[in-house]
Each structure stands twice: as C-alpha cells, then as structure tokens.
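The residues making up each chain are set out below.
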Amino acid sequence: MTSPDTPGLAALRPRLPSPVQEAVDSRFERRGVRLLLKRDDLIHPELIGNKWRKLAPNLTAAAGRTVVTFGGAWSNHLRATAAAGRLLNIPTVGVVRGDELAGRPLNPSLARCTADGMRLHFVDRATYRRKSEPRILAGILGAAGAEEAYVVPEGGSNAEAVRGCRALGAELRGHAEVVAVACGTGGTLAGLAAGLAPGRRALGVPVLRGGFLAAETEALQREAFGGRRGTWSLEDRFHFGGYARVPAELDAFAADFEHRHGLPVERLYVAKLLFGLVTLAGEGAFPRGTAVAAVVTGRPFP
C-alpha cells in the first residue's frame, strides 16, 4: 500500500486521512439513521478522492516512466492522471474513446488534460472495447508511440489501485456500520470492502447500467488479495440511464442537497450515490441506529 510518505508523492501534500463529517438530514433522522460524509474530495485539489487513492500506488510503480491510461471524453480519471503528470513531471498519454473526436475542438475536460501536458490519442470505439486484449493493447501503444509506457487501466482500477483503496476502509473503522460509494469500474469498492472492520459492510452504487460490476469487483479482489474480501453488495437502481446521464430529477436533487448541506455535489457519481442513499433510507433499508457513511469521491468540474 502506498503511503503519503512515498518518495515523489509527499510533495503533493495529500490530506490523509480525509475528514469525516456528519450531515444532519431529516430524511435520515426520521428513520433513526445517521448520515456521515467521508470527504475524499478534500484529499488534494487536483487528485481528488478515489483518484488519489488509486493513482498514488500506480504512480509509484511507474517509477518515472510515461503513464498511459484510458477514458471517455469527460473522464475524471484522465484529468487526474494529467494533473499528476504535470505535478510530478511524468509524461502522460490519454487514450480517448471515440476517434470521431479527433477532428473536433476539445471539450473543457480534454482541454484541461492537454493543458496539463497529456498527449491525447483517439481510438475508434470498437478497438477501445477490446483494449484489454494483449494484441489490441500492443497496437494501441504502438500507434501512440508509447510501447515502453506503464499502463493504468480505465478508471485506474487494477490490483495496485485496489490495495491503495483498502486504506479508505481502514480510515472508516469505528465510524459507520455501512459505507457507500459510487462505482464506475469497481476498484474503489473492492479495496474499501477489504479495509473495513469485520461486521461492517460496503455498498456500491453503480453509475453505469449493465449489471456487470459484481463480476468485475470480484475479479479485482482476486487479483489484489487472492479472493473475495469483506462484506459488500451492489445497488443497481440509481444509474439514471447510464454514465453521464443527469436528468432533471437528479440535477434538482443534487441542487437541493447542496442547499441543505453546503456540499458541492458532483453529478456523475456523487449525486447518484446520495440519491440512492436517500431512497434506501426512505424504504427502511437501514436499521434504526445505523450510521451510513457516503464517500464523496469528487467535486463538480470545472
């Protein structure tokens, strides 16, 4: 597990452990449930939340080599990797899903990546879907001129990242019976669950539809720890149609939560997590006396 004292990363001055704050909310109180916010969004101004926890061990493993990673046009992970490259003087390459984007003006997210020194390489969507296949990956790296680079998977989720996220669970020992986190690739959930104390459970709220995340999370735990670790489950009802889908209902909910608690609510992940927890609390899913911690993994961009 990477610590904030790891050579090369200490200069980034992460705030660890991140704060745990109570959010007094009548929607939980009336059910006898306490809501806590695990403020991973305060770890670092540019490597926010689970991005720090997953990237830090991978940056250490890269040992100064060029880092190649993957993401869509609005990827938080690409932005965090680009920022890390600038801060640590490490070359970065972002492989972006969708070759049709190559001839268009960059959106604000990708523009931030290039401003931070990341070189972008666009690939067609069919190739992108097969990027984990060794032959396809080798072709992508060759076309990007990065054959000797250190490869970080989409979302940053690999064994190194999962072991890094185990500290998140350890930091929450003694705070909550249930710890919930929004999930894209399953890496944060896999590590979180492994770090929690016995008798505590982790709840993942997928932001993509498809029902594939249980198998992905189990595979990541096998890769990192040799088998399933901790008690965890997934609640698949709150993806709102898929990644980057923010209908008016969700946006209004997030704005209301911001007004109630003064917390800037990131819409693609955190809003779906909080909406899910409010719904579950209203359904009586948590026994009276339960403390539920919501991991705030990011903040709005820009």
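Residues numbered from 1 in each chain as written. Predicted model: local features only at pLDDT ≥ 70, side-chain atom pairs only at ≥ 80, totals over all residues. Heavy atoms only, no water.

Brief notes about the overall build of the chain
Note the cut-off: Here a strand is any run of E in DSSP of at least two residues, a helix any run of H or I of at least four, and the numbering for each starts at the N terminus. As defined in this context, the radius of gyration uses C-alpha atoms, and a globule is described by 2.2 Å times the residue total to the power 0.38. Remark: exposure states derive from per-residue accessible area (1.4 Å probe, protein chains only) relative to the maximum for the residue type, with buried under 20%, exposed over 50%, and partly exposed in between. Accessible areas in this description were obtained via Shrake-Rupley with a 1.4 Å probe; residue shielding takes into account the shown protein chains only. Here Asp and Glu are counted as negative and Lys and Arg as positive; His is not counted, and neither are the chain ends. To locate a charge, the coordinates of NZ of Lys, CZ of Arg, CG of Asp or CD of Glu are taken.
A tally of regular secondary structure across the chain gives 11 helices and 10 strands. Relative to the 2.2 N^0.38 estimate, which gives 19 Å for 302 residues, the radius of gyration of the chain is 19 Å and therefore close to what a compact globule would have. Once the C-alpha set of the chain is aligned to its principal axes, its extents read approximately 55 × 40 × 35 Å. Within the chain, the proportion of its 302 residues that are buried is 53%. Carbon and sulfur atoms make up 51% of the accessible area of the chain, which amounts to about 12800 Å² in all. Taken together, the 39 basic and 29 acidic charged side chains of the chain have centroids lying 2 Å from each other.

Here we look at the pairing of strand 2 (residues 34-38)
Going by this rule: Pairing between strands is defined by DSSP: at least two bridges between them are needed.
For strand 2, the tally of buried residues reaches four of five residues, placing the bulk of the element in the interior. Here strand 1 (residues 20-23) pairs with strand 2 via four bridges, running antiparallel. Bridge pairing in strand 2 places Ala23 opposite Leu35. In terms of strand pairing, strand 2 meets strand 10 (residues 291-295) through five bridges, oriented parallel.

Description of the state of the cysteines
Worth spelling out the cut-off: Counting rule for disulfides: a pair of cysteine sulfur atoms within 2.5 Å.
All told, the structure shown has zero disulfides when counted by the stated rule. Considering cysteine sulfurs only, Cys165 is the nearest to Cys113, which forms no disulfide, with 20 Å between them. Cys165 provides the cysteine sulfur closest to Cys183, a residue in no disulfide bond, and the two sulfurs are 11 Å apart. Since its relative accessible area comes to 3%, Cys183 is described here as buried.

A few points about the layout of surface pockets
The rolling of a water-molecule-sized probe over the atoms marks out the regions of remaining empty space. To keep it simple, the criterion reads: Only protein atoms enter the 1 Å grid used here. Points where a 1.4 Å probe fits but cannot escape make up a cavity, open sets with protein on both sides within 12 Å along at least five of seven lines make up a pocket, and a residue lines them when an atom lies within 4 Å of a point. Grid points are joined across faces, edges and corners, and a volume is the space filled by probe spheres set on the points. Side-chain classes follow a simple rule in which Ala, Val, Leu, Ile, Met, Phe, Trp, Tyr, Cys and Pro form the nonpolar group, Asp, Glu, Lys and Arg form the charged group, and the remainder, Gly included, forms the polar group.
For the second largest pocket, the calculated volume is near 210 Å³. Considered class by class, the residues forming the lining of the second largest pocket number five nonpolar, one polar and three charged.

Some points on the pairing of strand 4 (residues 92-97)
In the case of a regular strand, side chains alternate between the two sheet surfaces. The condition is simple: When the strands point away from the viewer and the path from the first strand over the helix to the second turns clockwise, the crossover is right-handed.
Counting buried positions over the six residues of strand 4 gives five, a clear majority of the element. Direction of pairing for strand 3 (residues 67-71) relative to strand 4: parallel, over a ladder of five bridges. Bridged to Phe70 within strand 4 is Val95. Taking the sense of rotation as the criterion, the β-α-β connection linking strand 3, helix 3 (residues 76-88) and strand 4 turns out right-handed. With five bridges joining them, strand 4 and strand 5 (residues 119-123) adopt parallel strand pairing. Following the sheet pairing, Val93 is matched in strand 5 by Arg119. As for the winding sense of the linkage, the β-α-β connection from strand 4 through helix 4 (residues 108-115) to strand 5 is right-handed.

What about helix 11 (residues 270-282)?
To keep things clear, this is the line we draw: Residue count minus one, scaled by 1.5 Å, sets the expected span of a helix.
Compared with an ideal rise of 1.5 Å per residue, which puts 13 residues at 18 Å, helix 11 spans 18 Å between its outermost C-alpha atoms and is within 8% of the ideal. The buried fraction of helix 11 amounts to 11 of the 13 residues, a majority that puts the element mostly inside the structure. Here helix 11 has its buried residues at Val270, Ala271, Lys272, Leu273, Leu274, Phe275, Gly276, Leu277, Val278, Leu280 and Ala281. Just beyond helix 11, the residue with positive phi is Gly284, at close to 80°.

Here's the deal with the sheet that holds strand 6 (residues 150-151)
If you walk across this open sheet you meet the four strands as 5-4-3-6, and the pairing is parallel. The two strands at the open ends of the sheet, each matched to only one other strand, are strand 5 and strand 6.

In short, geometric facts, not functional conclusions.
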